[in-house]
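# Observations on chain architecture
Take a look at the letters that make up each chain.
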Amino acid sequence: MPVVNRIADFSADMTEWRQHLHTIPELGFDCPKTAAFIAERLQEFGVDAVHEGIAQTGIVALIKGREPGPTIGLRADFDALPIAEETGVEYASTHPGKMHACGHDGHTTMLLGAARYLAETRNFAGTVALIFQPAEEGGGGAQVMVQEGIMDRFDISQVYALHNAPGFEPGGFYTTPGPLMAAVDTFHVDIQGVGGHGAMPHETCDPVMAACGIAQAIQTIVSRNHYALDDLVVSVTQIHTGTIDNVIPDTAYINGTVRTFDPRVQQMVQERMTNIVAGQAASYGVTAELRYDIGYPATINDVEKAGFAADIAREISGENRVVGEAGREMGAEDFAYMLQKRPGAYLFLGQGDTAGLHHPKYNFNDEIAPVGASFFARLVERAQPLTVAEGA
């Protein structure tokens, strides 16, 4: 089955919505313009209820089907990133230093498209809960919405989400049963030494050398402290120190990310990093403080729901354009918190050969929005079918 005909009919409207959202990127939980636009469209579509102010600017809208039944949740994130846009498009960001560099404007548009169709047709039993979420990019908006009780308040029994995928064929889908994306932690190391003249290093306790030693030693966690078949990434991504060529500074700072799937591996990394930082600091005669922040958990698809969702994707895009067991990857996603509370699945939707996510030249491919909206719509109709076929 191709893109739903009715959704294809208003695809131009979807492009207009998406490009408008692209002009007004907002960060974290502070997304009032975005939330207002979403709420206005939902009211126009005639949904049954719009609940605003969840996790500050999050929204849950409800559409009731033609018969009683359970509630299925569909989630889209809508926050942007603190990146200066370089796309050059006529609808580029009007908020300096902010842009939709991850396609959340497109995710929101796909769910709005599904909402319009489902509100018009209602060819399903039970209820659809449309979850529009702020603060995916580091704020943990999904966790806050869960903590504020959306799963119980709206009696959601299963939940699904999509994310666009640059580099994968446009309109194709991929996912995997079980673990899909990694848990993400962040580490910070603050080093205090004794600075001095660059020509007299013997009078200093050099934090620059200590930072280099700590960074190199941290990398041995992957190569020497974990079992090779357990997925693990430890990346030092920042070292900041010094101001001029002839001065040894007093301080240095190291920052990086850790990606794991197994809580035992996560605990091992934290313990080894604690010992390495303390040991390296002592060897260089400096003091160093490790701050280890545990972030989003691993995103784990329900095996049955992932298979079901892949089947729906095949209805939309065809058997050869869906990979149902694509394997797992080391990115992270706060939809994990929703999957911890309810069974469901997270899928990727290809958007073609474009700039990568979080790149200043990234732009969502509007041609795939009707595909994503059709996936959401068919998912609802297949998951919660009417007991009496329409027209029977």
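As the structure is a prediction and not an experimental result, all values here were calculated from the model. (Residues numbered from 1 in each chain as written. Predicted model: local features only at pLDDT ≥ 70, side-chain atom pairs only at ≥ 80, totals over all residues. Heavy atoms only, no water.)

## Here we look at the overall build of the protein
In terms of helices and strands, the protein carries 11 helices and 16 strands. In terms of C-alpha radius of gyration, the protein reaches 24 Å, essentially the compact-globule figure of 21 Å for 392 residues. If you line up the protein on its principal axes, its C-alpha atoms span 90 × 45 × 40 Å. With 392 residues in all, the protein has 54% of them scored as buried. In the protein, the share of contacts with a sequence separation of at least 24, taken over all contacts with a separation of at least 6, comes to 82%. For the protein, the accessible area works out to roughly 16200 Å², and carbon and sulfur atoms hold 50% of it. Considering the protein, the positive charge centre built from 25 side chains and the negative charge centre built from 49 side chains are found 5 Å apart. (Helix = DSSP H or I, 4+ residues; strand = E, 2+ residues; numbered from the N terminus. Rg over C-alpha atoms; globule rule 2.2 N^0.38 Å. Buried < 20%, exposed > 50% of the residue type's maximum accessible area, 1.4 Å probe, protein only. Contact = heavy atoms within 4.5 Å. Areas by Shrake-Rupley, 256 points an atom, 1.4 Å probe, with all protein chains shown as cover. Lys, Arg positive; Asp, Glu negative; His and termini not counted. Charge placed at Lys NZ, Arg CZ, Asp CG, Glu CD.)

## Examining helix α9 (residues 303-317)
Between its first and last C-alpha atoms α9 spans 21 Å; for 15 residues at 1.5 Å apiece the expected length is 21 Å, and the two agree. Taken together, the buried positions of α9 are occupied by K305, A306, A309, A310, I312, A313, I316 and S317. With its buried residues spanning 160 degrees around the axis, α9 presents them on a single face. Opposite its buried face, α9 presents the exposed residues V303 and E304, each directed more than 90 degrees away. In this structure, the buried side of α9 is in contact with β5 (156-166), β6 (173-174), β14 (299-301), β15 (322-323), β16 (344-352) and α11 (369-383). Two or three places before E304, at the opening of α9, D302 has a side-chain oxygen 3.1 Å from that residue's backbone nitrogen. (Expected span 1.5 Å × (residues − 1). Arc of directions from axis to C-beta. Polar contact = N/O pair within 3.5 Å; in protein donor to acceptor, adjacent residues only side chain to side chain.)

## So, the packing of helix α3 (residues 32-45) against helix α4 (residues 104-121)
Where α3 meets α4, the closest approach of the two axes is 9 Å, and the angle between their N-to-C directions is 15 degrees. In terms of their interaxial angle, α3 and α4 are classed as roughly parallel. Handedness of the crossing formed by α3 with α4: right-handed. Here α3 contributes F37, I38, R41, L42 and F45 to the contact with α4, which in turn contributes T108, L112, A115, R116 and A119. Along the lines of polarity and charge, the residues of the contact of α3 with α4 split into 7 nonpolar, 1 polar and 2 charged. (Axes fitted to C-alpha atoms, helices over the stretch in contact; angles between N-to-C directions. Parallel < 35°, antiparallel > 145°, perpendicular 65-115°, else oblique. Left-handed = near helix turned anticlockwise from the far one by under 90°. Nonpolar A, V, L, I, M, F, W, Y, C, P; charged D, E, K, R; others polar.)

## So, the sheet that holds strand β3 (residues 67-77)
Overall, mixed pairing links the 8 strands, which are arranged β1-β2-β4-β3-β5-β16-β6-β15 in an open sheet. Looking at strand neighbours, the two that pair on one side only are β1 (49-54) and β15, the edges of this open sheet. Here β1 runs beside strand β2 (residues 58-64); their pairing, made up of 4 bridges, is antiparallel. When the bridges of β2 are listed, I54 appears paired with G58. Where α9 meets the sheet, it contacts β5, β6, β15 and β16, and its direction lies at approximately 35 degrees from that of β16. (Pairing = 2+ DSSP bridges.)

## Structural notes on the nonpolar core
If you look at the biggest cluster of nonpolar residues, it comprises 59 residues, and the most contacted ones within it are L42, L74, L118, L130, F132, F173 and F375. Here F132 is in contact with I38, L42, G58, I59, A76, F78, T108, L111, L112 and M145, once residues within four sequence places are set aside. I54, F335, Y346 and F348 belong to the second-largest nonpolar core, a separate cluster that totals 25 residues. (Core = buried A, V, L, I, M, F, W, Y, C linked by side-chain atoms within 4.5 Å.)

## Things to note about unusual backbone geometry
Even without glycine at this site, Q56 takes up a positive phi of about 75 degrees. In this fold, Q56 is placed in the loop between β1 and β2. Residue Q56 is classed as exposed on the basis of its relative accessible area, which comes to 57%. Unusually for a residue other than glycine, A135 sits at a positive phi of about 55 degrees. Within the element layout of this structure, A135 appears in the loop between β4 (125-133) and α5 (141-147). Given a relative accessible area of 0%, A135 falls into the buried group.

## A short note on the layout of surface pockets
In this structure, the largest pocket occupies an estimated 620 Å³ of space. Taken together, 27 residues line the largest pocket, and the ones lying closest to its centre are E137, R259, Y296, A332 and H358. Elements with a contribution of two residues or more to the lining of the largest pocket: β8 (183-192), β12 (251-260), β13 (287-294) and β16. Ranked by residue count, the leading element in the lining of the largest pocket is β12, at 4 residues. Taken as a whole, the second largest pocket encloses approximately 160 Å³ of empty space. Secondary structure elements with two or more residues in the lining of the second largest pocket: α8 (263-284) and α10 (336-341). Ranked by the residues each element gives to the lining of the second largest pocket, the list is headed by α10, at 3 residues. (1 Å grid on protein atoms, 1.4 Å probe; cavity = no way out; pocket = protein on both sides within 12 Å on 5 of 7 lines; lining within 4 Å. Points joined across faces, edges and corners; volume = space filled by probe spheres on them.)

## A closer look at the sheet that holds β12
Taking strand neighbours across the sheet as the criterion, the 4 strands line up as β10-β12-β8-β13 in an open arrangement whose pairing is antiparallel. Either end of the sheet is taken by a strand with one partner, and the two such strands are β10 (232-241) and β13. Taking the axes of each pair of neighbouring strands and ignoring which way they run, one obtains an average angle of 15 degrees across the sheet. Across 8 bridges, β8 lies against β13 in antiparallel orientation. Residue pairing for β13: V189 is matched across the bridge by L290. Against the sheet, helix α7 (residues 207-224) makes contact with β8, β10, β12 and β13, and its axis sits at roughly 175 degrees relative to β10, the strand it touches most. Sheet strands in contact with α8 are β8, β10, β12 and β13, and its direction is about 165 degrees off that of β13.

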